[in-house]
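# Overview (structure and organization)
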Amino acid sequence: MRLTAKVAAFQLVDVARSRWLPGYAAFFLLATELLLRFGGDPTRALVSLTTVVLFIVPLAAIVFATVYVHSAREFIELVLAQPVGRGTLFAGTYAAMVTALSAGVVVGIGIPFALRGGAGAAGAAAVLVAMGVALTVVFAGAGVALALRTEDRIRAFGLALGIWACAALVYDAALLVLATALASYPLERPLLVATLANPIDLARVMMLAHLDASALMGYTGAAFTRAFGSAAGAALAAAALVVWGAIPALLGARMFRRKDF
Amino acid sequence: MIEIRALTKSFGAREVLRGVDLCVRPGRVTAVVGSNGAGKTTLIKCLLGLVHPDGGEIRLGGARVGSDPAYRASIGYAPQMSRFPENLTAREVTNVLLGLRGPSAIIDWELVERLALAPHMTSRVRTLSGGTRQKLTVALAFLFAPNLYVLDEPTAGLDPAASAVVKDKILAERGKGKTVLVTSHVMSELEELTDDIVLLSAGRVAYVGTAQKLRTFTGQRHLERAIALIMAREPVCA
């Protein structure tokens with residue numbers, strides 16, 4: 001544990017001093033501030049911000065993690081030549097990455113809402129920040145696993161973009177087309193399973209539980225909320241998100257233990 | 001003493017190590033040489049636990065090298081090419097490795113001074129030149145006074161003065177009874193440094209013995225020609 005903390009600490013310092021992390025936090029800071037200032041009431045600002053978070057956080061997390069692991073490969077080799085276990089190095093690296101990216105979301109969204117969001121929107125804003133952190137955990141894990149699996153960094157970068165595009169753009173649209181084409185069949189259950197299979201949809205359902213905003217639903221989100229009601233749906237979505245957070249991290253840890261560097 | 005028995009490793013269909021048997025004697029400088037792709041770096045990485053062998057075993061001081069990383073506290077490693085976290089200073093990079101090695105780690109700052117690295121220790125790594133980074137890489141291998149040095153092309157990219165300092169350091173450490181395992185394509189360097197030669201060819205040990213015996217065996221005065229002769233005689237494995 002002590003070694004894991006040491007590994008995480010030096011990587012956090014490295015990331016914190018880069019231009020990337022302050023830029024990421026500044027993006028959310030600016031977007032939140034502008035939406036709060038010009039987007040009407042805080043709830044409407046949250047609806048717009050949710051869309052931004054659901055698109056940007058997975059993209060940033062998967063791309064950053066992929067690029068970071070590839071660029072750190074030589075130093076990973078040097079650290080592994082020290083008396084440090086592979087599990088320790090993986091845990092420290094992953095924790096540093098998730099902490100740094102999450103800090104960007106927490107600071108960028110949290111500070112403007114704390115200053116000018118008002119008490120009414122505080123709960124939903126906190127859920128949005130939590131969803132940003134959850135998506136960071138999931139997609140950073142996916143990025144790490146991808147970087148460990150794919151030696152060629154350009155290919156890994158392309159695959160990262162492909163995974164993000166499938167999860168954030170293609171998935172819901174494909175389900176909508178499928179549901180329209182098979183409208184005469186009972187699709188409620190398959191669509192619920194489909195929602196559980198995409199962490200971005202799960203995060204959307206979590207936000208639905210706190211915002212009455214049909215614009216956010218998407219096709220699968222609407223089916224999910226109809227079936228479970230807001231509270232039960234949110235509880236199931238939260239449990240599924242925990243599982244989603246664990247899967248790529250455990251997969252990445254297994255790959256890291258077995259990898260030839 | 002490093003003992004390697006029947007070590008095999010394949011990457012997909014490519015067999016890189018095909019049953020390497022080897023003893024590296026303590027207190028000596030042993031060079032691992034061979035053509036590109038002969039398996040030198042893979043052999044070194046197996047020793048360091050960076051590559052998982054498919055078969056065989058490695059023993060270090062009698063203890064089998066396994067999944068417990070503690071044995072690496074006795075190894076100083078300089079990779080052929082190293083990249084450090086760009087936004088840390090050279091001193092911070094040193095402190096990272098020191099922290100990972102634990103409170104008992106001893107720091108030997110002498111080489112840092114002799115390589116003229118001291119003025120650069122407070123600079124961020126991304127501002128350092130390629131040569132200075134290579135000096136840092138080599139210095140880090142020696143910094144914690146280990147018993148075994150594993151140096152992969154240690155003088156590549158160094159200026160002549162720094163290269164001489166590193167070679168002097170290798171010989172000084174040998175004088176203290178430390179074991180040095182080195183790879184290099186610079187034959188004049190090996191001529192100057194090595195006691196023993198391990199020649200790898202197509203994943204097998206083609207020659208192991210003293211540099212002097214190799215010269216005598218091949219009838220060549222220079223190590224470069226002696227090694228080239230052995231490499232030419234060794235049939236390429238299908």
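Residues numbered from 1 in each chain as written. Chains lettered and ligands numbered in written order. Predicted model: local features only at pLDDT ≥ 70, side-chain atom pairs only at ≥ 80, totals over all residues.

### Details of the overall build of chain A
To keep it simple, the criterion reads: Runs of H or I in DSSP of at least four residues are treated as helices and runs of E of at least two as strands, each being numbered from the N terminus. Radius of gyration: C-alpha atoms only; globule rule: 2.2 Å multiplied by the number of residues to the exponent 0.38. Buried, partly exposed and exposed are defined by the number of other C-beta atoms within 10 Å of a residue's own C-beta, namely 20 or more, between the two limits, and 12 or fewer respectively, with C-beta atoms placed from the backbone. Any residue pair is listed as a contact if its two C-beta atoms, each placed from the backbone, are within 7 Å.
A tally of helices and strands in chain A yields ten helices and zero strands. Mapped in sequence order, the helices and strands of chain A form the string α-α-α-α-α-α-α-α-α-α. Relative to its length of 261 residues, chain A is compact, with a C-alpha radius of gyration of 19 Å against a globular reference of 18 Å. Counting only C-alpha atoms, chain A reaches 60 × 45 × 30 Å along its principal axes. Counting across all 261 residues of chain A, residues that qualify as buried make up 49%. The contacts in chain A between residues at least 6 apart in sequence include a share of 78% that link residues at least 24 apart.

### Notes on the interface of chain B and chain A
The accessible area lost on association of the parts is a frequent measure of interface size. Across the contact, 25 residues belong to chain B and 21 residues belong to chain A. Looking at the side of chain B that touches chain A, the elements that each hand over two or more residues are α1 (40-48), β6 (75-78) and α2 (90-101) of chain B. At five residues, α2 of chain B tops the list of elements feeding residues into the side of chain B that touches chain A.

### Quick word on the sheet that holds strand β7 (residues 148-152) of chain B
Each strand in a sheet pairs with another by means of backbone hydrogen bonds, the pair being arranged parallel or else antiparallel. All names here are of chain B. Going by this rule: DSSP-based pairing: two strands are paired if at least 2 bridges between them are found. Each axis is a line fitted through C-alpha atoms, and for a helix only the stretch in contact is used; angles between axes span 0 to 180 degrees, taken between their N-to-C directions.
In space, the six strands of this open sheet follow the order β6-β7-β8-β3-β9-β10, with mixed pairing throughout. Since the sheet does not close on itself, it has two edges, and those belong to β6 and β10 (204-210), each with one partner. Across the sheet, the mean angle separating the axes of adjacent strands is 15° when strand polarity is ignored. Taken together, the five bridges between strand β3 (residues 29-34) and strand β9 (residues 196-201) define a ladder with parallel strand orientation. Each residue of the ladder has a partner; that of Ala-31, found in β9, is Ile-197.

### Section: the packing of helix α6 (residues 122-149) of chain A against helix α7 (residues 153-181) of chain A
Residue and element names in this part refer to chain A. The criterion, for reference: Each crossing gets its hand from how the near helix is turned against the far one by less than a right angle, where anticlockwise is left-handed and clockwise is right-handed. Residues are grouped as follows: Ala, Val, Leu, Ile, Met, Phe, Trp, Tyr, Cys and Pro are nonpolar; Asp, Glu, Lys and Arg are charged; all remaining types, including Gly, are polar.
Running from N to C, α6 and α7 cross one another at 145°; their axes reach a closest spacing of 10 Å. Crossing geometry of α6 relative to α7 is assigned as right-handed. Contact with α6, carried on its side by Ala-142, Gly-143, Leu-146 and Ala-147, involves Ala-156, Leu-159, Ala-160 and Ile-163 of α7 and no other residues of that element. When the residues that make up the contact of α6 with α7 are grouped by side-chain class, the tally is seven nonpolar, one polar and no charged.

### A look at the pairing of β9 of chain B
Residues and elements named next belong to chain B. The element β9 is extensively covered by neighbouring structure, given that six of its six residues are classed as buried. Neither face of β9 is left uncovered, since the one carrying Asp-196, Val-198 and Leu-200 and the one carrying Ile-197, Leu-199 and Ser-201 both have all their residues buried. In the sheet, β9 pairs with β10 via six bridges, with the strands oriented antiparallel. Looking across to β10, one finds that Val-198 is bridged to Val-208. If you look at the hairpin formed by β9 and β10, you'll find two residues sitting between the two strands, and Ala-202 has a positive phi there, around 50°.

### Digging into the nonpolar core
Threshold: Any nonpolar core is a set of buried residues, restricted to Ala, Val, Leu, Ile, Met, Phe, Trp, Tyr and Cys, that join up through C-beta atoms within 7 Å.
In terms of nonpolar packing, the biggest core is built from 158 residues, with Ala-61, Ala-65, Leu-128, Ala-203 and Met-206 of chain A together with Ala-139 and Val-150 of chain B touching the most fellow members. Ranked by residue count, the leading element in this core is α6 of chain A, at 18 residues. If near-sequence neighbours (up to four positions away) are discounted, Ala-61 of chain A is found in contact with Leu-101, Leu-135, Thr-136, Phe-139, Ala-140 and Gly-143 of chain A.

### Brief notes about the sheet that holds strand β1 (residues 2-11) of chain B
Across the sheet, which stays open at both edges, the four strands sit in the order β2-β1-β4-β5 (chain B) with antiparallel pairing between neighbours. Strands at the two margins of the open sheet, each flanked by one partner only, are β2 (14-24) and β5 (63-64) of chain B.

### Observations concerning unusual backbone geometry
Residue Ala-116 of chain B is not a glycine yet carries a positive backbone phi of 60°. Along the chain, the position of Ala-116 of chain B falls in the loop between α3 (110-114) and α4 (130-142).

### Quick notes on the environment of Lys-9 of chain B
Residues and elements named next belong to chain B. One can find Lys-9 in strand β1. A residue is classified by how many C-beta atoms lie within 10 Å of it, and Lys-9, with 23 of them, is buried. Aside from chain neighbours lying at most four places away, what touches Lys-9 is Val-16, Leu-17, Thr-42, Cys-46, Val-51, Pro-53 and Asp-54.

### With respect to the pairing of β6 of chain B
Residues and elements named next belong to chain B. Neither face of β6 is exposed, since Ile-75 and Tyr-77 on one face and Gly-76 and Ala-78 on the opposite face are all buried. Sheet analysis places β6 next to β7, joined by four bridges and oriented parallel. When the bridges of β7 are listed, Tyr-77 appears paired with Val-150.

### A few points about the packing of helix α3 (residues 42-71) of chain A against helix α9 (residues 199-208) of chain A
Residue and element names in this part refer to chain A. What counts here: Just so you know how the angles are binned, under 35 degrees is roughly parallel, over 145 roughly antiparallel, 65 to 115 roughly perpendicular, and the rest oblique.
Taken N-terminus to C-terminus, the directions of α3 and α9 make an angle of 155°; their axes are 11 Å apart at the nearest point. In this view, α3 runs roughly antiparallel relative to α9, as classed from their interaxial angle. Taken as a pair, α3 and α9 cross one another with a handedness that is right-handed. Between α3 and α9, the contacting residues are Thr-50, Leu-54 and Pro-58 on the first element and Ile-200, Ala-203, Arg-204 and Met-207 on the second. Of the residues in the contact of α3 with α9, the class split is five nonpolar, one polar and one charged.

### Section: the confidence of the model for chain B
Basically, it comes down to this: Summary of the metric used: pLDDT quantifies the predictor's per-residue confidence within the range 0 to 100.
For chain B, the average pLDDT comes to 90, and 98% of its residues sit at 70 or higher. Here the complex is predicted with pTM 0.87, and the ipTM for its interfaces comes to 0.88.

### Quick word on α2 of chain B
All names here are of chain B. This is how it is decided: A helix is expected to reach a length of 1.5 Å times the quantity of its residues less one. The reported arc concerns the directions from the helix axis to the C-beta atoms and nothing else.
Its twelve residues place the ends of α2 17 Å apart at the C-alpha level, agreeing with the 16 Å of an ideal helix rising 1.5 Å per residue. Regarding α2, the residues found buried are Ala-90, Val-93, Thr-94, Val-96, Leu-97 and Leu-100. Taken down its axis, α2 places every buried residue within 155° of arc, on the same side.

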